[in-house]
Each structure stands twice: as structure tokens, then as C-alpha cells.
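Single-letter residue listing:
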Amino acid sequence: MAKHAVLSSGTHLWRSLACAKSELRLDLTLACGQSFRWRETAEGHWTGVMRGRVWTLTQTDDTLWYHVYDERKCGTRKRTGDSSEQKLKEFVKEEEDGEEEEQLRDYFQLNVKLETLYTEWGAADPHFKKIANIFTGVRLLRQEPTECLFSFICTSNNHISRITGMVERLCQALGAPLDQLDRTTYYDFPSLSALADGSVETRLRDLGFGYRAQFLQQSAKKILDSYGTQWLEGLRNVPYLEAHDALRTLPGVGTKVADCVCLMSLDKAEAVPVDTHVWQIAKRDYQFASSGRQKSITDKLHRDIGRWFVSSVTFTPSFSPSHRDLFQLQVIFSETSGVRTLVGHSRSVLQPNVH
């Protein structure tokens, strides 16, 4: 039986790229509630499904190591001669390695240099400067839109461990099996057609999804019936408000879920997901004052807080949309659970929020 890869067994089955921990911390980034597909399978080793394949990631101080499970990648490479067939295999392998590295760079958005931005953010925001050293290397993921959307439909009135279980059961029930490692089978995320099937709501209710089962099935069906299979991906190419409003037409997608999907999968840097924790942080640490005395977050308050942060918090002249402003980085770890401390506290613990 195949086992989860560990770096201590030797590096010959691993690939690597230069990446300091100040640029990426796997533990903080993968466990904070942006994605629900990763788990720690050995100390410092994270295994999950990305782009339809199973990966194990780990890191040393200045290197990100990755192993992609595939029959063609098992075992040590052997040179059997200089035949044209062997050369072709090696050429194909090099092409695959290049594609995998690009997928990893895209997923973690490694083109954005965090060290430089942390320095600028700290100079612009005294509150951030006080806590930034505790949370170096926290990154925003760039996820596939379908997985991101349907995962976040599961998050309402929920917390990380339960959401993770739901997403795993969703993949087991409707996704294609990929690999089995140490008696654990990994599954791809379900396709839109699998999610839209008429039997899905009943199946998911039996699996403990409650009212979310209806939203999942109906949203998938509406996308296929009204928009088509490429619609979600296409929202990356339209303005933020247009993408946000389009997502809001789907069952089970409110303002917060739409903003999460816009920020984490649709390249909308101006999206600011807001929950009660973000609201409290805005008031306590950034002196945000709303009109009236709201006791709950309305759509208007959500918009007001988001606009206020984008227009008021820690912009410097060198910022650009591609850099993502400080709050967009901060908010994701407060709103989606995980690292509340990045925005509002100084305790270096991961603590699940209720969404």
C-alpha cells in the first residue's frame, strides 16, 4: 500500500523551489479556513488535493518541497540509456515538473513578495507592526472557483472542523477517487454536473448537511441551466461588483460568501468579507464608526465596512491592486476562522470561529 511521502525518507521523490518561511508558512496558510482540503499527515507535512491531484507539501527554512502522487512519479528516476524513447520520457517529465511548479506558484500567489509588503504595512499601520512578526508568511490562496464556491456554501453557521468534515464527505460522495495513501482515499472535488444531480439533496441531507444540501444542489443546477460550465471561471474577467452580484443570484450565497469567493478564487482584491469578528476589530482597532446602532450585520453595514477598509486602512503610494492591501490579507484569517490573532489579538493560536 502506498504511503504518504515524508522528506526524511530522502529527497529523490520530491521537487523543490526556493521559498523562505517569511514568504510562506504552510501551517498558518493551509489550516486557517481558506481551503478545507489539507491535513497534516506527518509533522510539518501537509497533504491535500489541488488541481485534481494529490500533493504533499513541507518546507525547510528556505525551501518549499512538494511531492505529487502519480504512478509515473513513484520510485527513483533511472537512466536506462540514451535511446530516443528515453529522451522523450525525460522531456515529458521535465515539462510536467514545470507545470507542477507553476501550479504551486499560482495557488500560493508566490509572485507577491510578502516581506516587502509586511515592511510597508508595518510602516503604515502601527497595529499591524505590533503583531506582524508572529504571523510572517501568511498567504491568500488562489483557489479553483467551483471548489471555493461550494465549500463556502457549507460555512454558514459553522466552524472549521465541521466544515472540513462536510467538504470531505461531499468529495467522498460525489467526487472521483484519486489515490489511496495509508488507508486514506483522496477524492477530487465534485464536478458541477455531479453536484446538480436531482438525487444530491437527499444524499447530502443523509450525510448531515441539513439545509445546505438544498443550496448546494440548486446552485449547481442554476449555474448549469442558466450560465454554463465556464461561467464561474469567467467571473475572474469581470469587475468586482459584477462578479459579486452574479454570485448573489445563487441559492445559499449571501454577501459574505460572495466576498469570500471573490477574494479567494476570482482575483477581486477589493472584496472584503465581513463577519462579527471583523466588525469588532474595525471598531476596536481602527475606530470604525457606523451610522446607527446596529446589533447585526446588514448588507449595508457589510458594504460600509468593506468600503471603509479599502479606502482608509494602510494604503501607501506603492500599493497596487495586484499587491492586495493589508486588510484583504488580514480579514481572511479573521473571517474564515483560523488566525484571528493576525487582525485583532496577539495570541499565536489557531482558534475556530463560527461562520
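Residues numbered from 1 in each chain as written. Predicted model: local features only at pLDDT ≥ 70, side-chain atom pairs only at ≥ 80, totals over all residues. Heavy atoms only, no water.

A. Layout of the packing of aromatic side chains. Summed over all chains, the structure comprises 6 aromatic pairs. Measuring from centroid to centroid gives 5.3 Å for Y107 and F108, while their planes differ by 80°, and the two rings are edge-to-face. For the pair shown, Y107 and F108 are each scored as buried. Judged by centre distance (4.1 Å) and plane angle (15°), the rings of Y227 and W231 are stacked. Taking relative accessible area as the criterion, Y227 reaches 33% and is therefore assigned partly exposed. Clustering of aromatic rings is evident, with ring pairs tying together W38, Y107 and F108. (Phe/Tyr/Trp six-rings, centres within 6.5 Å; stacked < 30°, edge-to-face > 60°. Buried < 20%, exposed > 50% of the residue type's maximum accessible area, 1.4 Å probe, protein only.)

B. Summary view of the environment of R303. By the element assignment, R303 lies in helix α14 (residues 299–312). On a C-alpha basis, the gap between R303 and T255 in space is 8.7 Å, while along the polypeptide they are 48 residues apart. (Helix = DSSP H or I, 4+ residues; strand = E, 2+ residues; numbered from the N terminus.)

C. Structural view of the environment of R203. Among the structural elements, R203 can be located in helix α8 (residues 200–206). When the C-alpha atoms of R203 and A173 are compared, they prove to be 8.3 Å apart, with 30 residues separating the residues in sequence. Sequence-distant contacts of R203, defined by excluding residues within four places in its chain, comprise A173 and L174. (Contact = heavy atoms within 4.5 Å.)

D. Structural view of the pattern of salt bridges. Per the counting criterion, the structure on display carries 13 salt bridges. R51 serves as the salt-bridge partner of D106, at 2.7 Å between the closest nitrogen and oxygen. Residue D106 is found in helix α2 (residues 84–108), and its partner R51 is found in the loop between β3 (45–50) and β4 (53–60); the two are separated by 55 residues along the sequence. The class for D106 is partly exposed, based on a relative accessible area of 26%. Put simply, E100 and R53 hold a salt bridge, and the shortest N to O gap is 3.4 Å. Linking E100 in helix α2 with R53 in strand β4, this pair joins segments that are 47 residues apart in sequence. Judged by relative accessible area, R53 falls into the partly exposed class, the value being 21%. Taken together, the salt bridges that share partners define one network made up of R51, D106, R142 and D267. (Salt bridge = Lys/Arg side-chain N within 4 Å of Asp/Glu carboxyl O.)

The values reported here are purely geometric and, on their own, carry no functional implication.
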